[in-house]
Amino acid sequence: MLEALKEIWIYRQLLYDLTARELKIRYRRSFLGFLWSLITPLYQIVIMTIVVKYIWQHSEPNYSIKFLCALVPWAFFQTSVTGACAIILKYRQMVKRIWMPSQMLPLAVVGSNLVHFLLSMLILFGVFLVVPVVFHVSFLFLIVLTGILLLMVSGLAMLFAALHTAYQDTEYIITNLVQVFYFLTPVMYPASWVKNPAWRYWYLFNPMAAVCEGFRGVLMRHEVPLPGLVMPGQVVLPEHLLVAAVFALVCFAAGLWYFALQRWQFPEIV
Amino acid sequence: MQPAIYVEDLWKRYVLLHSRPRRIKDAVLRRLLGRHSSREEFWALRGVSFEVAAGEAIGIIGPNGSGKSTVLGVLSRLLRPTKGVVQVQGRVGALLEASAGFHPDLTGIENVQMIASLMGLSRKETLARLPAIMEFAGAREFMDAAVRTYSTGMFARLAFSTVVHLEPDVLLLDEILAVGDEEFHEQCYRRLAQMRERGCAIVFVSHIVEQIRRVCQRVIWLESGRIVATGPTEEIISRYTGA
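Rules and cut-offs
- Residues numbered from 1 in each chain as written.
- Chains lettered and ligands numbered in written order.
- Predicted model: local features only at pLDDT ≥ 70, side-chain atom pairs only at ≥ 80, totals over all residues.
- Heavy atoms only, no water.
- Phe/Tyr/Trp six-rings, centres within 6.5 Å; stacked < 30°, edge-to-face > 60°.
- Helix = DSSP H or I, 4+ residues; strand = E, 2+ residues; numbered from the N terminus.
- Pairing = 2+ DSSP bridges.
- Salt bridge = Lys/Arg side-chain N within 4 Å of Asp/Glu carboxyl O.
- Buried < 20%, exposed > 50% of the residue type's maximum accessible area, 1.4 Å probe, protein only.
- Polar contact = N/O pair within 3.5 Å; in protein donor to acceptor, adjacent residues only side chain to side chain.
- Contact = heavy atoms within 4.5 Å.
- Buried area = accessible area lost by both parts, 1.4 Å probe.
- Nonpolar A, V, L, I, M, F, W, Y, C, P; charged D, E, K, R; others polar.
- Patch = residues over 30% accessible without salt bridge, like charges linked within 9 Å, V, L, I, M, F, W, Y side chains within 5 Å.
- Areas by Shrake-Rupley, 256 points an atom, 1.4 Å probe, with all protein chains shown as cover.
- Core = buried A, V, L, I, M, F, W, Y, C linked by side-chain atoms within 4.5 Å.
- Axes fitted to C-alpha atoms, helices over the stretch in contact; angles between N-to-C directions.

Chemist: Hey, could you run me through the packing of aromatic side chains in this one?
Modeler: Residues and elements named next belong to chain A. For the structure shown, the criterion picks out 27 aromatic pairs over all chains. The interplanar angle of 25° and the centroid separation of 6.2 Å between the aromatic rings of Tyr63 and Trp193 together place this pair among those described as stacked. Placement of the pair is Tyr63 in helix H5 (residues 63–84) and Trp193 in the loop between helix H10 (170–184) and helix H11 (197–203), with a sequence separation of 130 residues. Ring geometry for Phe135 against Phe139: centres 5.7 Å apart, planes inclined by 55°, an arrangement best described as tilted. Linked through ring pairs, Tyr63, Phe67, Tyr189 and Trp193 together constitute an aromatic cluster.

Okay, structure coming up:
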C-alpha cells in the first residue's frame, strides 16, 4: 500500500499524461468542448429555479446561486466517482500487456474532473461579479474544503475502480447510490430547508452534506466552520467538518489499500 | 557476475475466469447461500528454473499452452508468481502478444511517451530518442494519428522500435515476427544483435524454429509448464523438431 502511494509520486509524469488524455476526450480538443460540458448543470439550474420559484412558489432568495454553489463540488464528486468505475476496462489493452501503476487510471479520472471543477469555480466567480455576492477573505477556506473533497473522491475512485474490474455490476450500483445521496445532500436545496434544528444537526454529518453546504456557507454567508470562528446561527459546524475530514482520510487509505490488494490480478481478468 | 534474469522454481496458477463470481450480486448470493462452486484452476508453470546472462539471447519453444507467454508475463512483473523466485536486473522492455501495450485510441507519439514513462525515462530522454524511433519504424508521418488506424505491420514496427530504443537491459519478445515483411524482419535481427552486443539480455518466444535460430544462442524447451530440455540452440531444436 505504501508502495502504491510512492508510485503516485514516482510516476507523476504518467498521471499528468493520462489526465491530459482524459481532458482531451472530454473537451474534444476545443474550448467549445468545455462550454458544451456546462449545458447539463445549466439546464438543471434553470429547471429547478422554475420549479422552486414558479411552481412551488417558494420564496428562497437567490435560489439559483445557492444551487450553483453546491452543484459545482457535487458535480466533481459525482462525475469522478461514477467515471472511475470502468476506467481499468477502458485501458485494458495497456493493463493486459504492460506493467503499470494502475492506480493512476482512476486518479487521472479524478485529475481531469478536478481541472473541470476549477474551471467551473472560475465561472462561478464570474457569476459573482454580476449578482449580489461579496468577495470575502473567508473564501480562502474553500481551499480546505476542496482538499477534503479531493481526498475523499480519490479514495472512492480507486476503491470503485478496483471493485468494478472484479465485479462488473459495481458501476450500476454506484450510479444509483450516488443518485440517492444526491437527494440526501443539500445540493438542489439549502440545508436550511431541513426545518427541525436537531435533524439538521445530524443530517450534516453526511460528509458530502458538510462539503456542499460548506461551500454554500462560505460563498453566501462567509461562514467558516472552524473553532473560534463560528457565527450565531451557522449551519455547518466544526464537528461536521471534522467528521468529513476524517471520512476523507479513511476513504483515501481504504481506496489505496484495496486497490493495491487487487491490482495484481487485473492483467488476468480484464 | 549476477545474471540479468534469475528464475528459480517458478510456479504459476490461474483461476479460470468463468469459475469466479463476476458480479457483486453473485458474490453475495454465493456467501449467503453457502454455494461454493469449485474454483477451477490451471497450473501454467510447474517449477521452472533458468538464468539469462547479460548480452545473452535465450529462446523459448514449445507447443501452444506450454507456458511460454506466462514466463514472459511473470518476468515483466505483469503477472504475480504463485511460488518461486524471480529476479530481473535493470530496465525491462516487453512486447507481449506482439504489442508494447499501446492504447488504440492514443496517437503514436502519446503511446511512445506513455511506454517511456512506464519504463522510467524522463520526458527529455524520451524526446531525444523519438527521431530514432520514428526513423526505425518508418512511421514519421503517422505519429499524430491514433494507432488503431495503423496497419498491422505499422503497429508492429512502431511497437518494436519503441521498446528497443528505450535502452532496456532486459528485452522480452513474444511472437514479434509473426507480422511484417522480410525487410522488417532483417531490420529486427540486426537490431537485436546490436542490443546483445551492448549487454542487453533477450528472451525470445516464438513457435517458428527458423526465427529462434537467427536470434538465440540457447533455447529452453517448455511443455505443460515444465522444462523438457535446455541447451545450445541447434541441439535443442533438432530434438524438438524430431520429437
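Following the structure, the description resumes.
Chemist: Honestly, the pairing of strand S8 (residues 218–223) of chain B in this entry has me stumped. Any pointers?
Modeler: For a regular strand, the rule is simple: side chains alternate between the two faces of the sheet. Residue and element names in this part refer to chain B. Bridge count between strand S3 (residues 57–61) and S8: four bridges; the pairing is parallel. Across the sheet, Gly59 pairs through a bridge with Val219, a residue of S8. Sheet topology places S8 next to strand S9 (residues 226–232); six bridges connect them, and they run antiparallel. Pairing of Arg218 across the sheet is with Pro232, part of S9. Following S8, the chain reverses through two residues before pairing antiparallel with S9; Ser224 in that reversal takes a positive phi of roughly 50°.

Chemist: Looking at this model, I keep getting lost on the pattern of salt bridges. Mind explaining?
Modeler: Between side chains of opposite charge, pairing is possible as soon as their charged atoms come close. Here the structure, examined in full by the defined rule, presents 16 salt bridges over all chains. Between Arg216 of chain A and Glu213 of chain A there is a salt bridge; the shortest N-O distance is 2.6 Å. Of this pair, Arg216 of chain A and Glu213 of chain A both sit in helix H12 (residues 207–221), three residues apart, which is roughly one turn of that helix. We classify Arg216 of chain A as buried; its relative accessible area is 0%. Its salt-bridge partner being Arg213 of chain B, residue Glu234 of chain B comes within 2.9 Å of it at the nearest N-O pair. In this pair, Glu234 of chain B sits in helix H8 (residues 233–242) while Arg213 of chain B sits in helix H7 (residues 209–215), placing the two residues 21 residues apart along the sequence. Ionic contacts of the salt-bridge type, sharing partners, join the residues Glu213, Arg216, Arg221 and Glu223 of chain A into one network.

Chemist: Teacher, can you tell me more about the environment of Gln217 of chain B here?
Modeler: Residue and element names in this part refer to chain B. By secondary structure assignment, the location of Gln217 is in the loop between H7 and S8. When its relative accessible area of 33% is taken as the criterion, Gln217 is described as partly exposed. Taking the C-alpha atoms as reference points, Gln217 and Thr233, 16 residues apart in sequence, are found 5.5 Å from one another. Of note is the side chain of Gln217, whose polar atom sits 3.5 Å from the side chain of Arg196.

Chemist: Help me out: how do you make sense of the interface of chain A and chain B in this one?
Modeler: Accessible area lost during the coming together of the parts is what is often quoted as the interface size. Tallying the contact residues gives 32 residues for chain A and 31 residues for chain B. Both sides of the chain A and chain B interface together cover about 3000 Å² of buried area, and 56% of this is carbon and sulfur. Three residues, Arg97, Trp99 and Glu268 of chain A, lead the burial of chain A against chain B; their summed loss comes to 23% of the area buried on that side. Our count for the chain A to chain B interface comes out at four salt bridges. Salt-bridge contacts for Glu268 of chain A lead to Lys12 of chain B; the nearest nitrogen and oxygen are separated by 2.8 Å. Taken together, the connections running from chain A to chain B amount to ten residue pairs in polar contact (both at pLDDT 80 or more). Every element with two or more residues in the side of chain A that touches chain B is listed here: helix H2 (12–27), helix H7 (92–95), helix H9 (142–166), H10 and helix H14 (266–269) of chain A. For the side of chain A that touches chain B, the leading source of residues is H2 of chain A, giving six residues. Tallied by class, the residues present in the side of chain A that touches chain B amount to 16 nonpolar, six polar and ten charged.

Chemist: For this particular structure, what's the right way to read unusual backbone geometry?
Modeler: Leave glycine aside and you will find that most residues have negative phi; peptide bonds, for their part, are mostly trans. All names here are of chain B. At Asp9, a position not held by glycine, the phi torsion is positive, near 50°. Turning to its location among the elements, Asp9 is positioned in strand S1 (residues 5–15). A positive phi angle, near 50°, is found at Glu167, a position not held by glycine.

Chemist: Just to check I follow, could you spell out a nonpolar patch on the surface for this structure?
Modeler: Residues and elements named next belong to chain A. A contiguous nonpolar surface patch, about 780 Å² in accessible area, is contributed by Phe31, Leu32, Leu35, Trp36, Ile39, Tyr43 and Ile47. Listing elements by their share of the nonpolar patch, those giving two or more residues are helix H3 (31–36) and helix H4 (39–55). In terms of residue count, the dominant contributor to the nonpolar patch is H3 (four residues). Relative to the helices and strands, Leu32 is located in helix H3.

Chemist: How should the nonpolar core be read in this particular structure?
Modeler: The nonpolar side chains of a soluble globular protein tend to be buried, and buried together. Among the nonpolar cores identified, the biggest contains 144 residues, and Phe67, Phe77 and Ile88 of chain A together with Phe160, Leu171, Ile202 and Phe204 of chain B are the most heavily contacted of them. Setting aside its immediate chain neighbours within four residues, Phe160 of chain B contacts Leu95, Phe136, Ile176, Phe184, Cys188, Arg191 and Leu192 of chain B. Core analysis: the next-biggest nonpolar cluster, separate from the first, contains 27 residues, Val48, Ile58, Ile60 and Val170 of chain B among them.

Chemist: How should the sheet that holds strand S4 (residues 83–88) of chain B be read in this particular structure?
Modeler: Strand pairing in a sheet relies on backbone hydrogen bonds. The paired strands run either parallel or antiparallel. All names here are of chain B. Strands sit in the order S2-S1-S4 across an open sheet of three strands; the sheet is antiparallel. Of all the strands in the sheet, the pair left with one neighbour each is strand S2 (41–52) and S4. Each strand axis lies, on average, 30° off the axis of its neighbour in the sheet, ignoring direction. Bridge count between S1 and S4: five bridges; the pairing is antiparallel. Counterpart to Trp11 in the pairing with S4 is Lys83.

Chemist: Would you explain the environment of Pro186 of chain A in this entry?
Modeler: All names here are of chain A. Turning to its location among the elements, Pro186 is positioned in the loop between H10 and H11. Of the residues examined, Pro186 reaches a relative accessible area of 0% and is grouped as buried. With near-sequence residues (within four places) excluded, Pro186 lies in contact with Ala70, Ala191, Tyr203, Ala209, Cys212, Glu213 and Arg216.

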